[in-house]
Amino acid sequence: MMDSQQFAFDHTVSRRGFLRTLGMAGGLMASWSAAAQPGPLGVSNSANSRLFTFIGGETGNWSITDTRRITGDPWTPARKLTVVNGPASDLAGAKWLLRGVTSNERYVTRADKDDLVNRQEGLGRPDALRAALIPIRKTAAWWALTQDERRAVFEEQSHHTTIGLKYLPAVARRLHHSRDLGTDEPFDFLTWFEFSKSNADAFDRLLADLRATKEWAYVERETEIRLVRD
Ligand code: HEM
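Because the structure is predicted, anything quoted here is derived from the model rather than measured.

Asks: Lay out the site of the ligand with the relevant residues and their values.
Replies: The environment of the ligand is formed by 26 residues, the closest being Arg106, Tyr107, Val108, Lys138 and His160. Between Lys138 and the ligand, the recorded distance is 2.8 Å, taken from a side-chain N or O atom to an oxygen atom. Side-chain polar atom of His160 to a nitrogen atom of the ligand: 2.9 Å apart, as the coordinates give it. Those elements that provide at least two residues to the shell around the ligand are strand 5 (130-138), helix 6 (160-165), strand 6 (172-177), strand 7 (189-195) and helix 7 (200-211). Tallying contributions element by element places helix 6 first for the shell around the ligand, with four residues. Along the lines of polarity and charge, the residues of the shell around the ligand split into 16 nonpolar, four polar and six charged.

Okay, structure coming up:
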């Protein structure tokens, strides 16, 4: 009997050539295939996985309304987006996929964390019909900093958490880390936000506030993908 992980792996291999013909980087596919392949302890395919896969293509319950290059190389536009908690098992019509894992916080203080927990609301709210997927890659200079130097830029000089807190609970968010998945990942972070139509202007102000900070001097690639839930 084929279990679900075996199915995911076989499916990946059979789709590999298909995705190459769509112009996907071989490295990206290779790293993705490796992640989808069950290892000695198995790759979790359950709803408890910290891995999230974003698939841009012809299917999905989010319609992509805009794919805008902010900094660096542009990203391939697609019509629809599927978000999977775990590795992808169906790549029919896929143009691209991006992967990231949720993780522990690096920079927040206890006071920040308490504020965030008290003010933030979850994803999937019925009126949150707008979303943004913003993949971001930071410069080599950022990654050459030490943890305390990064924290100084992120919070003391840029006030990222303080700025963000002003937009809670209107904007719900989830941060995914891609950098530690491998050197072929096109971005370091996949940031995901959901909000109502009436808060779309506030979200634009949030973006403008953050992009004006010192932290964004360390952003070398950023794409803004805007979506509407079907
Ligand atoms: C909704 C309001 C927002 C809040 C409350 C917020 C809060 C945070 C917090 C607390 C962290 C640090 C987590 C840690 O300690 O590791 C973080 C990281 C991050 N946020 Fe935001 N954020 C918001 C909006 C945004 C937006 C709109 C973007 C993108 C345009 C963004 C991009 C990022 C990135 C890339 C990181 C990772 C930074 C790094 O580790 O170098 N955030 N955010």
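Asks: Any chance you could break down the pattern of salt bridges for me, citing the residues and the numbers?
Replies: Overall, the coordinates contain 16 salt bridges when judged by the stated rule. In this structure, the salt-bridge partner of Glu220 is Arg137, at a minimum N-O distance of 3.2 Å. Taken together, the positions of Glu220 in strand 8 (residues 219-229) and Arg137 in strand 5 put the pair 83 residues apart, joining distant regions of the chain. A salt bridge links Arg226 to Glu224; the nearest nitrogen and oxygen atoms lie 2.7 Å apart. What makes Glu224 buried here is its relative accessible area of 2%. A network of salt bridges, in which partner residues are shared, links Asp204, Arg211, Glu222, Glu224 and Arg226.

Asks: Quick one: what's the story with the coordination of the iron atom of the ligand, residue by residue and with numbers?
Replies: Among all protein atoms, only His160 (NE2) binds the iron atom of the ligand, sitting 2.2 Å from it. Take His160: it is sitting in helix 6.

Calculation rules
- Every chain begins its residue count from 1, and numbering advances along the sequence as written.
- Residue-level local features of this predicted model are given only where pLDDT is at least 70; pairs of side-chain atoms are given and counted only at 80 or more, and the full residue set underlies all totals for whole chains, interfaces and linings.
- Side-chain numbers here rest on the full set of heavy atoms in the structure, without hydrogens or water.
- For each residue, the test is whether any non-hydrogen atom lies within 4 Å of the molecule or strand; if one does, the residue is near.
- Between N or O atoms, a polar contact is any pair within 3.5 Å; within protein, one atom must be a potential hydrogen donor and the other a potential acceptor, and residues adjacent in sequence are included only when both atoms are from side chains.
- Numbering of helices and strands runs from the N terminus; a helix is a DSSP stretch of H or I covering at least four residues, while a strand is a stretch of E covering at least two.
- All residues other than Ala, Val, Leu, Ile, Met, Phe, Trp, Tyr, Cys, Pro, Asp, Glu, Lys and Arg, Gly among them, are scored as polar; the first ten of these are nonpolar and the last four charged.
- Salt bridges are counted wherever a side-chain nitrogen of Lys or Arg sits within 4 Å of a carboxyl oxygen of Asp or Glu.
- Relative accessibility thresholds used throughout: buried, under 20% of the residue-type maximum; exposed, over 50%; partly exposed, between the two (1.4 Å probe, protein chains only).
- Each metal site lists N, O and S donors within 2.8 Å (3.2 Å for Na, K and Ca). With water left out of the atoms, a site can look as if it is missing ligands.

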